[in-house]
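Analysis of the macromolecular model
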Amino acid sequence: MVKISIIAPIYGVEKYICKFARSLFVQDYPHIEFIFVNDGTKDRSIEILEDVIERKYSHLRNQIKIVHKANGGLPAARVTGLEHVTGDYVYHVDSDDWVERDSITKIAAKIEETNADVIYFNHVKDYPPKSKYKRERVY
């Protein structure tokens, strides 16, 4: 089975971090590495993340890395995350999003089925009071 490394830059997302982290930690695929990159956030995002991990997901501690760096912006945070990857594939995700429970299982199944270098998929843009389904082009 392939190991998926999820990289999530963290900056100014204390409003979203609980829902986001929980959506990652309940994934039903077992071979995941979680890499959170603290991009010098000034709010309580990391403190909240640590609390979520400690209270409910401490059993995943050996799969979780929290990397701290000075603020350098989203691209720099993603590069920092890449420096800590040990997985076979990398999934970049934004920390103000959330991920469906079986997303990583579906991604891993497609990787195993196709031996693809890159996987892309549709997503929903959810901006209450409306949501928009975004269909990716066929490449």
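Up top you'll find the structure we're talking about.
Report follows, based on the coordinates.

What counts, and at which threshold
- Residues numbered from 1 in each chain as written.
- Predicted model: local features only at pLDDT ≥ 70, side-chain atom pairs only at ≥ 80, totals over all residues.
- Heavy atoms only, no water.
- Helix = DSSP H or I, 4+ residues; strand = E, 2+ residues; numbered from the N terminus.
- Contact = heavy atoms within 4.5 Å.
- Polar contact = N/O pair within 3.5 Å; in protein donor to acceptor, adjacent residues only side chain to side chain.
- Buried < 20%, exposed > 50% of the residue type's maximum accessible area, 1.4 Å probe, protein only.
- Arc of directions from axis to C-beta.
- Expected span 1.5 Å × (residues − 1).

**Thoughts on the environment of glutamate 112**
For glutamate 112, the location among the structural elements is in helix H4 (residues 103–114). Beyond its immediate stretch of four places on either side in the chain, glutamate 112 contacts Met1 and Val2. There is a polar contact of 3.3 Å between the side chain of glutamate 112 and the backbone nitrogen of valine 2.

**Some details on helix H3 (residues 74–82)**
Those residues of H3 not exposed but buried are Ala77, Arg78, Thr80 and Gly81. Taken around the axis of H3, the buried residues stretch over an arc of 160°, which confines them to a single face.

**Things to note about helix H2 (residues 45–56)**
The terminal C-alpha atoms of H2 lie 17 Å apart, and with 12 residues this matches the ideal 16 Å at 1.5 Å per residue to within 8%. What H2 keeps buried is the set Ser45, Ile46, Ile48, Leu49, Val52 and Ile53. Across the axial projection of H2, the buried residues extend over an arc of 165°, all falling on one side. Seen from the buried face of H2, the exposed residues on the opposite side, beyond 90 degrees, are Glu54 and Arg55. Looking at the buried residues of H2, the elements they touch are strand E1 (4–10), helix H1 (17–25), strand E2 (32–39) and strand E3 (64–69).

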